[in-house]
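Chain by chain, the residues:
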Amino acid sequence: YNNIYKMLFHAFAIVNGTGYTAPNSIDRIVDDYKIVSFQTDLNYRKFYSCYDKINNTKKFERLAELVENIYREYLNDITLAWTSALSEEHGSNKLPLQRNFYSRYVNSVKERIVVIISDAMRYEVAHELWSKLNNDEKCNASIEMLMGVIPSYTRLGMASLLPNKNLEITDDYKILVDGKPCDSTIQREEILKDSSPNSRCVQFDEIVSLKRDELRKIFTGADVVYIYHNQVDARGDKSNTENEVFAACSEAIDEIYKMIRRLTEDVTAIRFIITADHGFIYKRDKIQESDKIDGLSNKDNYVNRRFIISKNIINGLGIKNFSVASILENSDNKIITIPTGTNIFKLPGGGQNYVHGGASPQEMLIPVIEVKTQKGHKETKN
């Protein structure tokens, strides 16, 4: 009954937002999303999180259909408005760029700082984590946004969070940071050490079960520690688990919160930043053939469900072209092509409900949570 009550609460919130109309500029969409519209994505996630825990959903199927229809209209409206404004305005005047993350948040900090990068933690999920942290009397947290890159996918997003003067997409579509590869944890640590010699890069799964003394060895002498967390994207990117992505979001929130508490106690880390490489779009309804853009695959292009990187402009209905040069501020003449709305490019294989790589607030508005903690954590109660 508790899950039913929560499900109905979130369904009411979505129904109450029927008739949404997106603002007509990037900065207005940002202002609206930061305060109001992100809650639609949050309520949609919470609705299905509760819906999936109910044993007999038959009596709520029509409600789920209503929620799905309203959410689809909202998502189409905000994504079309965002893509159109982005094409005309080339970005936001209010938001700092994701590729300036290190210089803005890390480089100027004089004390040890721990950066937790959670793959695909979109803004509304991060907002829930921020609320959870602020409910802890030993935490002080603030939340902001960055403007992410196009395409909004892991390779480029992760590269953007490292110290960089030049981001590059090579002719074979690999990502380089100042001429260096950055796909592996070791490669990222080498890039990080160029700017901060006493740095570490570690995977969350490698340290989560370590004993206190083992954990201390990793952090001793380190000024900057990047921790790579992959709960959301790991589930969402697989066709057989993509419908578990909302459960993964809740688990990610709990895992990061517990890690911050543990590092505060065990290694006396008190300064944290939580961010993401990109966000995501997820709709529960099965993707229809009309939602797919066909005929644009080419063996010479890098083709993803939400973007294409090519050496030539692609012409067609329902797509927008952006130059790599305008996005990364370099001399690259390659072209990035994305759907104008929530459609996807037709590719073989499963995994079509959870997607990212394109242009939407859900994919591109990157959260940044700054956290200061105190030792001697105490549980807080409502």
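Before any of the text, the structure's been laid out above.
So, about unusual backbone geometry. Between Ile-150 and Pro-151 the backbone carries a cis peptide bond, its omega angle lying at 0°. Within the chain, Tyr-173 stands out as a residue other than glycine whose phi angle is a positive 65°. In this fold, Tyr-173 is placed in the loop between β3 (167-169) and β4 (175-177). According to the relative accessible area criterion, Tyr-173 is buried, its value standing at 7%. The phi dihedral of Asp-178 is positive, around 50°, even though this residue is not glycine. With respect to the helices, strands and loops of the structure, Asp-178 is situated in the loop between β4 and β5 (180-181). The class for Asp-178 is partly exposed, based on a relative accessible area of 37%.

In terms of burial, strand β8 (residues 271-275) is a largely internal element, five of the five residues being buried. Of the two faces of β8, the one carrying Arg-271, Ile-273 and Thr-275 and the one carrying Phe-272 and Ile-274 are both buried. When strand β1 (residues 113-118) meets β8, the two strands line up parallel, connected through four bridges. In the sheet register, Ile-116 faces β8, and the bridge partner there is Ile-274. Relative to strand β17 (residues 365-373), β8 is paired through five bridges, and the arrangement is antiparallel. Bridge pairing in β17 links Phe-272 to Val-371.

Moving on: the sheet that holds strand β12 (residues 308-310). Taken in spatial order, the four strands of this open sheet run β11-β12-β14-β13, and their pairing is antiparallel. The open sheet has two edge strands, β11 (302-303) and β13 (319-323), and neither has a second partner. Pairing between β11 and β12: two bridges, direction antiparallel. Bridge assignment links Tyr-302 to a residue of β12, and that residue is Ile-309. On the sheet, helix α3 (residues 61-89) packs against β13 and β14 (335-339) and is oriented at approximately 35° with respect to β13.

Reading the values: the criteria
- Residues numbered from 1 in each chain as written.
- Predicted model: local features only at pLDDT ≥ 70, side-chain atom pairs only at ≥ 80, totals over all residues.
- Heavy atoms only, no water.
- Helix = DSSP H or I, 4+ residues; strand = E, 2+ residues; numbered from the N terminus.
- Buried < 20%, exposed > 50% of the residue type's maximum accessible area, 1.4 Å probe, protein only.
- Pairing = 2+ DSSP bridges.
- Contact = heavy atoms within 4.5 Å.
- Axes fitted to C-alpha atoms, helices over the stretch in contact; angles between N-to-C directions.

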